[in-house]
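# Structure at a glance
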Amino acid sequence: MPRQTSATAAENRILVLIGSGRARSRRELAENLGLSASTISQHVQSLIARGLVTEGGTTTSSGGRRPRELRLVGSTGFIGAIDLGGGHARLGIVRRGGGIAGTSEVPVDLATGAENVIAELSRELLALAGRLGLDGSLAGAGIALPGPVDLRHRTVESPSRMPGWSGRDVGALLGDALGVPSVIENDANAMALGEHFARSPRAQHSVTVKAGTAIGAGVLVDGQIHRGATGAAGDITHTRVTAAGDTPCSCGNRGCLETVSSGAALVRELRAKQYDVTRTADVLALVRDADPVATTLVRTAGRHLGEVLCAVVNFFNPNVIYLGGALSTLEPYVSAIRSQIYEGAHPLMTRDLAIERSTLGADANIVGVARLVEEALLREATSDPHRAAWS
Ligand SMILES: [Zn+2]
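Residues numbered from 1 in each chain as written. Predicted model: local features only at pLDDT ≥ 70, side-chain atom pairs only at ≥ 80, totals over all residues. Heavy atoms only, no water.

## Observations regarding the coordination of the zinc ion
Donor atoms from the polypeptide that bind the zinc ion are H238 (ND1), C249 (SG), C251 (SG) and C256 (SG), placed at 2.0 to 2.3 Å. As a motif over one chain, the donors of the zinc ion read H-x10-C-x1-C-x4-C. Of the two residues, H238 sits in the loop between β12 (224-225) and α7 (258-261) while C249 sits in the loop between β12 and α7, which places them 11 residues apart along the sequence. For H238, a relative accessible area of 32% translates into the label partly exposed. (Donors = N, O, S within 2.8 Å, 3.2 Å for Na, K, Ca; no water. Helix = DSSP H or I, 4+ residues; strand = E, 2+ residues; numbered from the N terminus. Buried < 20%, exposed > 50% of the residue type's maximum accessible area, 1.4 Å probe, protein only.)

Dropping the structure here:
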């Protein structure tokens, strides 16, 4: 019954918009979804009748009659979100239907294994909630992981960077440690979702590139994460580029984009030129000090990434490319990517294409993870029979 399916889809999108705080009234829902006022009203009435949405007082909208504020029933409490990186983790407590209540950063040693790291991060998250005066009100939690994620088994596969993590159900470890349901996601996907929710909902097709020590990308199709057949969609870093020659890559192959465009590659190239650098942050500092050698290397690195993105743009025809990660804070890197794409991709693809830096910065993954948790809480509340709520 196509009509019923489409009504369900619209109502789910309405729940997500209200739950995320992006739409608080029927009018804002109509603007976001491009549906008529009467259609929106029908769906909202149905959701109110089913006890999923409630109507409160008036919102503080500007001008005219003030619309009544829509809220999700039972959407109280907070979400705990973790963005796990190679050497540190960012923790966030996010209000349901609202913004970030607080964040903190802690150093981590991934090599101590999944159990130890998750236990420590859970303690830190609860401590952060405590400092914010929000203990006991956690509704769900999630974590973004720096590697390909198997959602079915809730595992991360990144054996070279994360020894002792393979095959561990990270979602269960986190959920058990915090006593709430939990989700896991790849960090580039979480960043893509976070940027998407911070921006225009009309940009339904996006590619979010995370360019830091490593390079990753998340792909959103119709506003949803596209994972592909084996969950690795968007992993552009192991695309072979001519300029990389035979340079060995962490994946075991040679000549990958990662070996010429990543922060790790820039560190290696600068060290070969006798620079005293050990991490991506050192590269950033050199470029900010207008070091000519570092700036040229960074510009070349951006150009190679832009070449690969040309093929992505021609194939996928996105509305927007968001550039995140530490290297995307460098103007020479971003402008090299931009000019490469505008010169190299088909004019029909670039005519309306926006290429923008991440607006959320370090919080993009926190926002993305919180969105995934919120969606899982919504699925649980609406008991969508097509998908398990927490997977
Ligand atoms: Zn590779």
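Having put the structure on the table, let's press on.
## Looking at the domain arrangement of the protein
For the protein, the assigned domains are domain 1 (6-72), domain 2 (78-190 + 365-382) and domain 3 (201-358). Placing the centre of domain 2 and that of domain 3 at their C-alpha centroids yields a distance of 26 Å. Counting residues at the interface gives 7 residues for domain 2 and 7 residues for domain 3. Of all residues in domain 2, the largest losses of buried area upon contact with domain 3 belong to L151, A188 and N189, amounting jointly to 54% of the total for that side. (Domains from an automatic or database assignment. Contact = heavy atoms within 4.5 Å. Buried area = accessible area lost by both parts, 1.4 Å probe.)

## Details of the sheet that holds strand β5 (residues 100-107)
Strands sit in the order β5-β4-β3-β6-β9 across an open sheet of 5 strands; the sheet is mixed. Two strands in the sheet have a free side with no partner beyond their single neighbour: β5 and β9 (182-186). Each strand axis lies, on average, 15° off the axis of its neighbour in the sheet, ignoring direction. As paired elements, strand β6 (residues 138-145) and β9 share 5 bridges and run parallel to each other. For I143, the partnering residue across the bridge sits in β9 and is I184. Strands in contact with helix α4 (residues 114-131) are β3 (78-84), β4 (88-95), β5 and β6; relative to β4, the strand with the most contacts, it is inclined by about 40°. Against the sheet, helix α6 (residues 187-198) engages β3, β6 and β9, with an angle of about 100° to β9. (Pairing = 2+ DSSP bridges. Axes fitted to C-alpha atoms, helices over the stretch in contact; angles between N-to-C directions.)

## What about the pattern of salt bridges?
Considering all chains together, one arrives at 16 salt bridges under this definition. The partner of R26 in a salt bridge is E55, and the shortest N-O contact between them spans 2.5 Å. Note that R26 is positioned in helix α2 (residues 26-33) and E55 in strand β1 (residues 53-58), a separation of 29 residues in sequence. A residue is classified by how much of its surface remains accessible, and R26, at 22% relative accessible area, is partly exposed. (Salt bridge = Lys/Arg side-chain N within 4 Å of Asp/Glu carboxyl O.)

## As for the sheet that holds strand β14 (residues 354-357)
Read across the sheet, 5 strands follow the order β12-β11-β10-β13-β14 without closing on themselves; strand pairing throughout is mixed. Every other strand in the sheet has two partners, leaving β12 and β14 as the edge strands with one partner each. Bridge count between strand β13 (residues 320-324) and β14: 4 bridges; the pairing is parallel. By the bridge assignment for β14, I321 is matched with I355. Seen against the sheet, helix α10 (residues 292-316) touches β10 (206-211), β11 (215-221) and β13 and runs at an angle of roughly 165° to β10. Those strands touched by helix α11 (residues 331-344) are β10, β11, β13 and β14, and its axis lies near 170° from that of β14.

## Some details on the side chain of S104
As for its placement among the helices and strands, S104 is situated in strand β5. Apart from the residues within four sequence positions on either side, S104 is in contact with A89, R90, L91, L128 and R131.

## Brief notes about the packing of helix α8 (residues 263-272) against helix α9 (residues 280-288)
Axis separation between α8 and α9 bottoms out at 8 Å; the angle between their running directions is 70°. By the angle between their axes, α8 is roughly perpendicular relative to α9. The element α8 and its partner α9 pack so that their crossing is left-handed. For the pair α8 and α9, contact is made by G263, A264, L266, V267 and L270 and by T280, V283 and L286, respectively. (Parallel < 35°, antiparallel > 145°, perpendicular 65-115°, else oblique. Left-handed = near helix turned anticlockwise from the far one by under 90°.)

## Side note on the environment of G136
Structurally, the position occupied by G136 is in the loop between α4 and β6. A sequence separation of 128 residues divides G136 from T8, and the C-alpha atoms of the two residues are 33 Å apart.

## Focus on the side chain of E195
Its location among the elements puts E195 in helix α6. Side chain to side chain, E195 and R199 meet in a polar contact 3.2 Å long. There is a polar contact of 3.3 Å between the side chain of E195 and the backbone nitrogen of L360. Once residues within four sequence positions are removed from consideration, E195 is found in contact with T208, Y322, S358, T359, L360, G361 and A364. (Polar contact = N/O pair within 3.5 Å; in protein donor to acceptor, adjacent residues only side chain to side chain.)

## Comments concerning the environment of A281
Its location among the elements puts A281 in helix α9. The class for A281 is partly exposed, based on a relative accessible area of 35%. The sequence separation of A281 and Q42 amounts to 239 residues, and the corresponding C-alpha distance is 53 Å.

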